[in-house]
Amino acid sequence: MKRMKTIAFILGTRPEIIKLAPVILELRKYNKDYNVIICNTEQQKELSNQTLSYFGLNADYNLDCMRENQSLSSVQARILTSLDKVYCENNIDATIVQGDTMTVLCGALTSFYHKIPVFHVEAGLRSYDIYEPFPEEVMRQMTSRVADLHFAPTVVNKDALLKEGISKDKIHVVGNTVIDALTCLSDDVIEESRKFYVQNNINIDDKLVLITAHRRENHGERIDRIISAIEYLAEKYQDHSFVIPVHPNPNVHDKIHTRLGKFLNIHLLKPLEYPNLVYLMKNAKLILTDSGGIQEEAPTFACPTLVMRYETERKEGVEAGVSMLVGADYKKIIHESENILSSNKEQTRLKAQNPYGDGKSSERIERIIREYFNKKVY
Ligand code: UDP
C-alpha cells in the first residue's frame, strides 16, 4: 500500500468483539500497512471489556454510552455524539463495523457523515421482518445502505444484498469470522476452562444441555414460556445437567433466577468468558438458544441446536439440518428437545459441515481491504 491506513473498528457488544477480534489481529500482523484504532461504545460495558481482554486487546476509546432505562433514541444520540468526537480527532481512512447492533448503525452513520468508507462484516443477513430481531434487523439493513464493502458470510447473504440493488463488485463472500475466533483458542486455554467447571462442581459429561436466552423479542411472556419448558425438561431428565449462563439484562435475569434457581440439575451461571462458553458448546448434547453467534458456532462441534426464535436471519443452518426453529413455543421446545435427550449423544451428532465458515474469513477480509486501497486513486 502507498501509505499506512488508519482503520477504526467501532464495536461495543460481546458478539461484535468475538467476530472482529480475528480481523483486528489479522490487520495488526501488517503493522506497516494498518494503524488500527479500537473504539468501544461499551454498549455492553462489562461483557465487551472482558471479551477484548481475552483476545489480548485493549480499546483506544471507551465511550461509556449506556444509561439505565434509556430509550433507543437516547442511546443512539449519545453514541453518535461520542463517536463524532473520535472522528474529528483522528484521520481515519475506513471504518469497520460488524453485525446489527446500535453500535454498528451509529458507527456506519458517523463514518458516512465524515465521508469515510464503511466496511461491513457479516453483511446481508436478513429476516425481512423489521420487528424480529428488533431493532437489529433494521440496523443491519440501514448499514448496508452506506457500506462500501460488504463482507457476506454466505452466498445466501450475498444474494440478499444483490436483490437490494447493491453492486456485485462491493460484495465478497468470505465466511463468518466467528469460526476464525474458535480456532484462536489454545490447548492451555481449553484446559483452564475444564478446570473452571471442576472448581464449580459442574459435571461435564454426555448429558449436558446448554441454554442461553437474552434477545429483546423474547422478553415478557415469551421468556415465561421458555422457562416453563426448561422446568419441564429439568424435571423429566434429572440425569441431565442444564447449564444456563444468564444474561445480565434484568428482564431475563430476574425471572430465570426466581424460577429455575431451585433445581439441583440446573446450573445458573454468570455470563461466561468466551473460552468457557466454547468449552460447553464443545461438550453439549443439545443447545437451546436465541443467540445468533451460537447458531453459527455450534455446528463446528456437531451439536444439534434448537433456536428459540420464530424467525432467523441465519437460515443456512436450518436448511443444512444443523439447527431448527422452535420459537418460544412451550410444546415445540419440549417435543424437539425430547427427541434429542431421549437418545444417546452419539446418535444425535450432526453429520453436515458447518455452513457458516472455515476459519479463514479474516485472511480473506484483509486481502480484500488491501486490494480496495490499492485500487483507490488519491
Ligand atoms: N458467548 C459467551 N459467553 C456467554 C454466552 C455467549 O462468550 O455466556 C458468546 C458466544 O459464543 C457467541 C457470542 O457470545 O460467540 C454470542 O453473543 P450473544 O448470544 O450475546 O449475541 P448474538 O450472537 O445473539 O448477537
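Everything discussed here concerns the structure shown above.
Residues numbered from 1 in each chain as written. Predicted model: local features only at pLDDT ≥ 70, side-chain atom pairs only at ≥ 80, totals over all residues. Heavy atoms only, no water.

Visitor: Give a detailed account of the site of the ligand, specifying residues and quantitative values.
Guide: Around the ligand, 16 residues are found, and the nearest of them are Leu272, Ser291, Gly292, Gly293 and Glu297. Separating an oxygen atom of the ligand from a side-chain N or O atom of Arg215 is a distance of 2.9 Å. A distance of 2.8 Å separates an oxygen atom of the ligand from a polar backbone atom of Leu272. When isolated, the ligand has an accessible area of 530 Å², and the protein chains bury 93% of it. Put simply, the parts of the chain that give the shell around the ligand at least two residues each are helix H1 (14-28), helix H11 (274-283) and helix H12 (292-297). For the shell around the ligand, the leading source of residues is H12, giving 4 residues. In the shell around the ligand, the residues fall into 9 nonpolar, 4 polar and 3 charged. (Near = heavy atom within 4 Å. Polar contact = N/O pair within 3.5 Å; in protein donor to acceptor, adjacent residues only side chain to side chain. Areas by Shrake-Rupley, 256 points an atom, 1.4 Å probe, with all protein chains shown as cover. Helix = DSSP H or I, 4+ residues; strand = E, 2+ residues; numbered from the N terminus. Nonpolar A, V, L, I, M, F, W, Y, C, P; charged D, E, K, R; others polar.)

Visitor: Run through the sheet that holds strand S11 (residues 286-289), naming residues and quoting values.
Guide: The strands that make up a sheet pair up through hydrogen bonds in the backbone, lying either parallel or antiparallel. Reading across from one edge, S10-S9-S8-S11-S12-S13 is the order of the 6 strands in this open sheet, with parallel pairing throughout. Only two strands of the sheet have a single partner each, and these edge strands are strand S10 (266-269) and strand S13 (323-325). Across the sheet, the mean angle from the axis of one strand to that of its neighbour is 20°, orientation sign disregarded. Taken together, the 3 bridges between strand S12 (residues 305-307) and S13 define a ladder with parallel strand orientation. Bridge pairing in S13 places Leu306 opposite Met324. This element, helix H9 (residues 221-236), spans strand S8 (208-212), strand S9 (241-245), S10 and S11 of the sheet and lies at about 150° to S9. Packing of H11 onto the sheet brings it into contact with S8, S9 and S11, and relative to S8 it is tilted by some 130°. (Pairing = 2+ DSSP bridges. Axes fitted to C-alpha atoms, helices over the stretch in contact; angles between N-to-C directions. Contact = heavy atoms within 4.5 Å.)

Visitor: Quick one: what's the story with the sheet that holds strand S4 (residues 94-98), residue by residue and with numbers?
Guide: Taken together, 7 strands build an open sheet; the order of strands is S3-S2-S1-S4-S5-S6-S7 and the sheet is parallel. Two strands in the sheet have a free side with no partner beyond their single neighbour: strand S3 (61-62) and strand S7 (171-173). Sheet analysis places strand S1 (residues 5-11) next to strand S2 (residues 34-40), joined by 7 bridges and oriented parallel. Across the sheet, residue Ala8 finds its bridge partner in S2, namely Ile37. Packing against the sheet, helix H16 (residues 361-375) makes contact with S1, S2, S4, strand S5 (118-121), strand S6 (149-152) and S7, and its axis sits at approximately 165° to S6.

Visitor: Please set out the environment of Ile96 residue by residue, giving values where relevant.
Guide: For Ile96, the position within the fold is in strand S4. The sequence separation of Ile96 and Ala352 amounts to 256 residues, and the corresponding C-alpha distance is 32 Å.

Visitor: Let's hear about the environment of Thr95: which residues, and what values?
Guide: With respect to the helices, strands and loops of the structure, Thr95 is situated in strand S4. Linking Thr95 and Ile116, residues 21 residues apart in sequence, is a C-alpha distance of 7.1 Å. Those residues in contact with Thr95, other than ones at most four positions away along the chain, are Ala8, Ile10, Tyr87, Gly107, Ser111, Ile116, Pro117, Val118 and Phe119. Here Ser111 takes part through its side chain, which lies 2.7 Å from a polar atom of the side chain of Thr95.

Visitor: Account for the layout of surface pockets, naming residues and giving values.
Guide: Space left empty within the atom packing is revealed by a probe, the size of a water molecule, rolled over the atoms. Its boundaries defined by the atoms lining it, the second largest pocket holds a volume of some 230 Å³. What lines the second largest pocket is simply Asp148, Leu149, Asp169, Lys170, His172, Ile368, Glu371, Tyr372, Lys375 and Lys376. A per-element tally of the lining of the second largest pocket places H16 first, with 4 residues. (1 Å grid on protein atoms, 1.4 Å probe; cavity = no way out; pocket = protein on both sides within 12 Å on 5 of 7 lines; lining within 4 Å. Points joined across faces, edges and corners; volume = space filled by probe spheres on them.)

Visitor: With reference to specific residues and values, describe the packing of aromatic side chains.
Guide: Scanning all chains against the criterion turns up 10 aromatic pairs. An angle of 55° between the planes, with centres 5.9 Å apart, marks the rings of Tyr54 and Tyr274 as tilted. Of the two residues, Tyr54 is situated in helix H2 (residues 45-54) and Tyr274 in helix H11; the sequence distance between them amounts to 220 residues. Looking at Tyr54, the relative accessible area reads 22%, which means it is partly exposed. An aromatic cluster is present here, built from Tyr54, Phe55 and Tyr274 joined pairwise through their rings. Lying across the ring of Tyr30, Arg370 places its NZ or CZ 4.9 Å from the centre. (Phe/Tyr/Trp six-rings, centres within 6.5 Å; stacked < 30°, edge-to-face > 60°. Buried < 20%, exposed > 50% of the residue type's maximum accessible area, 1.4 Å probe, protein only. Lys NZ or Arg CZ within 6 Å of the ring centre and 35° of its normal.)

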